[in-house]
Every structure is written in structure tokens, then in C-alpha cells.
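# Geometric and topological summary
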Amino acid sequence: MLAILRFGRELEGEKAQPKNVSSHQYRYYQFRGWRVLCLHGGGGNAESFPREGGMPDLMAALPEFEFVFANAPHNYGGNALVWMRDVPGGKSSVTTDPDWDLESREVLDAIVEAQGPFDAILGYSQGGAYILAYVAWAPVGTFKAALVFCGYVPSLHLGIVDRIDSSTPLGVDSSLVFMGEQDTTITNEMTQEAATKFAYPTVVSSAATGHYVPYSSDPSFSDIIAFMNMIPTDGETPIADATTSPIPSPDDETPIADATTSPTLKNTDDENDSAAPTTSPSVSPNPPPGTKDDSSTTAMTARILWTVACVFGLVL
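Residues numbered from 1 in each chain as written. Predicted model: local features only at pLDDT ≥ 70, side-chain atom pairs only at ≥ 80, totals over all residues. Heavy atoms only, no water.

### Some thoughts on the nonpolar core
Put simply, the rule is: As used in this record, nonpolar core signifies buried Ala, Val, Leu, Ile, Met, Phe, Trp, Tyr and Cys residues forming a set joined through side-chain atoms within 4.5 Å. Only protein chains enter the accessibility calculation, which uses a 1.4 Å probe; a residue is then buried when its area is under 20% of its type maximum, exposed when over 50%, and partly exposed in between. Strands are runs of DSSP state E lasting at least two residues, helices are runs of H or I lasting at least four, and both sets are numbered from the N terminus onward. It only takes one pair of heavy atoms within 4.5 Å for two residues to be counted as in contact.
Grouped together as the largest cluster of nonpolar side chains are 38 residues, with contacts concentrated most on Leu37, Leu108, Ile121 and Phe198. No other element matches helix α3 (residues 126-137), which puts eight residues into this core. Residues in contact with isoleucine 121, not counting those within four places in the same chain, are Leu37, Leu39, Ile131, Tyr134, Val135, Phe143, Ala145, Ala146 and Leu147. In this structure, Ala46, Phe69, Val204 and Phe227 belong to the second largest nonpolar core, which totals 29 residues.

Quick look at the structure:
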């Protein structure tokens, strides 16, 4: 089962706005926004996770982010889905199978290929644990950042843990690991162990929060927003330079480049490609104050020379 839900404002293809504006030069930009792949907790799904805990507050505070929610492949009845099945024999046993999560890897590989690139991966509870497993599998650079909420190292899945340990520190530029001090499902010690799998993680804890993504009323919420706003993006792409052109008004329809094609520009109201903007024609400046206009003198001189030439010709 493969289902993807997307939340957030779709910015790709919006009207470009001028940046770095001077009186004679500006640059068009097209901004695609940040894209975050989100993994629900064990027993959750792509439809429920956006409404759990503080996730609605997080999405509302970050309108420039697009949140893509994926469904885990394993169904435990109804809409209860998991990324990693229980090991044979239950919690008193372990598995050394390195491909125990093969279906989950395939699901996320397909989403990354079809919907990527993604700037960050975010996971809660078992979804946070599976971030460790999947980032250890994916090529380095697949995600710039990872956000683990109430996550842990899947210690009963020894084959997966071996993959995580062999890739530690995991290949993201930055990471945030959150834990609620009132969490009675996943202990803070388990979440702290997950943080050790990243290089220089930002660890955020809340004395008031339990096993859920914190709400906007939580003091730790601003730390999470600050971290997400620091995620680098390749989304600001210079589209075209225009020199000695008028600065467009906010109501002007400004042509921007099609992000998937060559520099040919595309009008936001038309599917047909239009010509690229050209430099405005040069205009001769008016004479500065106090400068004499010599046009009449030049004309008089020409007439005198023509008269002299005619007389000289008659004489000859």
C-alpha cells in the first residue's frame, strides 16, 4: 500500500518577486519552498499523523514548507500501520535480518524518487526510529536535515542496528532530536541514544510534554521552528537577469523560467512559452541644465558650405 498526503502551500510556479533590487538591475527568483518527508508513529498512518499532537501547529507555523506524509507498508489491522514489524518471538527475542525493513525501504525509495528532492525527513516515535534506519540506507545527501520526535534505536532489530552503526554519524547536515520529559512510552534515555547516531545533534527537551510532537504553547516549540528555518535549501534559484529595466509593480505578471526546462521563460498565465525578457532600449539622456543646444548652428553652417560650393562650381 502506497499513499502519500501533501500539506502546505505549493510555491513552485508562483509569480516571481524581484530581489536584490537597485534602480537599474534586479533578478527574478522562483522559490519552490522546503519539502519535508514525514513518517508517522507505529499504529498511525498518513491521514492521522497531520492531526496528532502539535503537528497542526508545526505546519501552521511554517507555511513555506510542504509536508509529505507517507504510509508504512505493514498493516496490523484497520488503519494501524508500522515501519518495522515485531520480531519473531515478540519483545523477548531479536532478529539479525538486515532486510527486515525491505518493504519500508522500497516505499520510501519510491517516494523520494517520485516526489523528491526532499530537504528534511521528520519522524515521530517508531517513525523517528525508522529515520535512523532509512537515512543509514539512503545515499548521503538525500536529506539535508532530520527531525526525530520521541524516537529510539530499534534495538531488537540487530540487522538494522548494524546498518545504523556502520553509517554513524548519519549523512545529514543537521539534526534535531526532541524528547518530552513526561514521555512514559519511550524513555528519554532511549531518545538520547538515538541522538548519538548524528553528528552534533540539536537536542531539545520539554518538561511539560509527553509522547507527542509539542504544541505551539510549549516553550520548546520556538526552538523547533528556529531549527527548521535554518535548514538550507536550493529552492532560491536565479531565473533571469534584467538590466536597465523598470522595476515591476507587485501587480505585474512577471515571466519566470520553467524550473524543469531551459532558460526559456514561461508566462504565469499562459502554457505557451514566451520570449525571454530583453534589455530595455537605451534612451539618450536629456542635455543637463546649462548645456547649449548646437543643432541650429550646425544647420546654418551646412547651408553656408553648400552655397560656397555652388558658387565655386559656377566660377569654374
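### Examining the packing of aromatic side chains
Test applied: Only rings of Phe, Tyr and Trp enter the pairing, Trp through its six-membered ring, and a pair is recorded when the two centres are within 6.5 Å. The plane angle decides the type: under 30 degrees is stacked, over 60 is edge-to-face, the rest tilted. Ring-over charges, as used throughout, are those where CZ of Arg or NZ of Lys falls within 6 Å of the ring centre and within 35 degrees of the ring normal.
The full count for this structure, using the stated rule, is eight aromatic pairs. Centroid distance phenylalanine 149 to phenylalanine 178: 5.8 Å. Interplanar angle 45°. Geometry classified as tilted. Highlighted residues: phenylalanine 149 in strand β9 (residues 145-149) and phenylalanine 178 in strand β10 (residues 174-180), separated in sequence by 29 residues. Neither residue differs from the other here; phenylalanine 149 and phenylalanine 178 are each classed as buried. Pairwise contacts between aromatic rings join Trp34, Phe65 and Phe67 into one cluster. In this arrangement the basic side chain of arginine 85 is found over the ring face of tryptophan 100, its NZ or CZ atom lying 4.0 Å from the centre. Sitting above the plane of the tryptophan 137 ring, arginine 105 keeps its charged end 4.0 Å from the centroid.

### Considering α3
Definition in use: A helix is expected to reach a length of 1.5 Å times the quantity of its residues less one.
The end-to-end C-alpha separation of α3 is 17 Å, in line with the 16 Å expected for twelve residues at 1.5 Å each. Taken across its twelve residues, α3 has eleven buried, putting it largely inside the fold. Residues Gln126, Gly127, Gly128, Ala129, Tyr130, Ile131, Leu132, Ala133, Tyr134, Val135 and Ala136 constitute the buried set of α3.

### Regarding the confidence of the model for the protein chain
Formally: Summary of the metric used: pLDDT quantifies the predictor's per-residue confidence within the range 0 to 100.
The predicted model of the protein chain averages 75 in pLDDT, with 63% of residues at 70 or higher. A low-confidence stretch, residues 9-31 stays under pLDDT 50, and its non-local contacts, those more than four residues away or across chains, total 80 contacts. Here residues 235-300 scores under 50 on pLDDT; set against residues more than four positions off or in separate chains, the count is 88 contacts.

### Here's the deal with the side chain of asparagine 188
Quick reminder of the rule: Any N or O atom pair separated by 3.5 Å or less is treated as a polar contact, with the protein-specific requirement of one donor-capable and one acceptor-capable atom, and with residues adjacent in sequence counted only for side-chain atom pairs.
Inspection of the secondary structure assignment puts asparagine 188 in helix α5 (residues 188-195). Residue class for asparagine 188 comes out buried when judged on its relative accessible area of 16%. Here the side chain of asparagine 188 touches glycine 180 through a polar contact of 3.0 Å, landing on its backbone oxygen. For asparagine 188, the residues in contact, after removing those within four places along its chain, are Met179, Gly180, Glu181 and Asp183.

### Comments concerning unusual backbone geometry
The residue after glycine 116, namely proline 117, is reached through a cis peptide bond having omega 5°. For proline 117, the location among the structural elements is in the loop between α2 (102-115) and β8 (120-124). A cis amide bond, omega 0°, links threonine 168 with the succeeding residue proline 169. Structurally, proline 169 is set in the loop between α4 (158-167) and β10. With a phi angle near 55°, cysteine 150 is a residue other than glycine that sits in the positive phi range. With respect to the helices and strands, the residue cysteine 150 is situated in the loop between β9 and α4. The phi dihedral of tyrosine 200 falls on the positive side, at around 55°, and the residue is not glycine. Along the polypeptide, tyrosine 200 turns up in the loop between α5 and β11 (202-206). On the basis of relative accessible area, tyrosine 200 is assigned to the exposed category, the value being 80%.

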